[in-house]
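Structure assessment
Each chain, written out:
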Amino acid sequence: MADIKVTIIDREGLSHKLIAPTDMSMNIMELCKAYELPVLGECGGMAMCATCQCYLESDTELYEQSNDELDMLDQAFFVEENSRLGCQIQIEESIEGIVLRLAPEA
Ligand code: FES
């Protein structure tokens, strides 16, 4: 399978169904930018800015968060139990059907 479906709910509550390629080493932050959703991704995906923060709204199993991600979320605003950094979620088959909501801009 080369493509998966990803749903991103934007800050106005609109749901965007995106098709995401699994063979391009992309992450969710990059996918959002490719679709021109309002995700800054200021640090370029280094887990150093939290502008890609989103909330996991599906029961998709993700990898455990790295210390870098946890440290960044420790310093970020609007952090919830289900907060994740979009740049740390790789597009791969195991996240087919994932639903993520963009966190407010800090
Ligand atoms: S893009 Fe900076 S933390 Fe994700």
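Residues numbered from 1 in each chain as written. Predicted model: local features only at pLDDT ≥ 70, side-chain atom pairs only at ≥ 80, totals over all residues.

**What to know about the overall build of the chain**
- Counting its secondary structure elements, the chain contains 2 helices and 5 strands.
- Seen in sequence order, the chain has helices and strands lined up from the N terminus as β-β-α-β-α-β-β.
- Scaling as 2.2 N^0.38, a compact globule of 106 residues should have a C-alpha radius of gyration of about 13 Å, and the chain matches this with 12 Å.
- Each of the three principal axes of the chain carries a C-alpha extent, and together these read 35 × 30 × 25 Å.
- Taken across its 106 residues, the chain has 25% of its residues classed as buried.
- When contacts within the chain are restricted to residue pairs at least 6 apart in sequence, long-range pairs at least 24 apart make up 60% of them. (Helix = DSSP H or I, 4+ residues; strand = E, 2+ residues; numbered from the N terminus. Rg over C-alpha atoms; globule rule 2.2 N^0.38 Å. Buried ≥ 20, exposed ≤ 12 C-beta atoms within 10 Å, placed from the backbone. Contact = placed C-beta atoms within 7 Å.)

**Quick look at the pairing of strand S1 (residues 3-9)**
- Judged from the 7 bridges that link them, S1 and strand S2 (residues 15-21) form a sheet pairing that is antiparallel. Of the residues in S2, the one forming a bridge with Val-6 is Leu-18.
- What sits between S1 and S2 in their antiparallel hairpin is a turn of 5 residues, with Gly-13 showing a positive phi close to 90°. (Pairing = 2+ DSSP bridges.)

**Re the nonpolar core**
- Within the largest apolar cluster, 21 residues are counted, with the highest numbers of intra-cluster contacts made by Ile-28, Met-29, Leu-31, Cys-32, Cys-52 and Cys-54.
- For this core, the elements supplying multiple residues, two or more each, are S1, helix H1 (28-34) and strand S5 (99-102).
- With residues up to four places along the chain from it excluded, the contact list for Cys-54 reads Ile-28, Arg-84, Gly-86, Leu-100, Arg-101, Leu-102 and Ala-103. (Core = buried A, V, L, I, M, F, W, Y, C linked by C-beta atoms within 7 Å.)

**Here's the deal with the environment of Thr-7**
- Here Thr-7 shows up in strand S1.
- Residue Thr-7 is classed as partly exposed on the basis of its 15 C-beta neighbours within 10 Å.
- On a C-alpha basis, the gap between Thr-7 and Gln-90 in space is 14 Å, while along the polypeptide they are 83 residues apart.
- The contact partners of Thr-7, leaving out residues within four places of it in the chain, are Ser-15, His-16, Lys-17 and Val-99.

**Describing the sheet that holds S5**
- In space, the 5 strands of this open sheet follow the order S2-S1-S5-S3-S4, with mixed pairing throughout. Of all strands in the sheet, those with a lone pairing partner are S2 and strand S4 (83-85), marking the two edges. Averaged over neighbouring strand pairs, the angle between their axes works out to 40° when direction is ignored. (Axes fitted to C-alpha atoms, helices over the stretch in contact; angles between N-to-C directions.)

**Considering the pairing of strand S3 (residues 53-56)**
- The sheet contact formed by S3 and S4 spans 3 bridges and is antiparallel. Looking at the pairing, Gln-53 lines up with Leu-85 of S4.
- Two strands pair when backbone bridges link them, and S3 and S5 are joined in this way by 3 bridges, in the antiparallel orientation. Counted as the bridge partner of Cys-54 is Leu-102 from S5.

**Brief notes about unusual backbone geometry**
- Positive phi is not limited to glycine here, since Glu-36 has a value of about 60°.
- Secondary-structure assignment places Glu-36 in the loop between H1 and S3.
- For Ala-50, which is not a glycine, the phi torsion comes out positive at approximately 65°.
- When you line up the elements, Ala-50 lands in the loop between H1 and S3.

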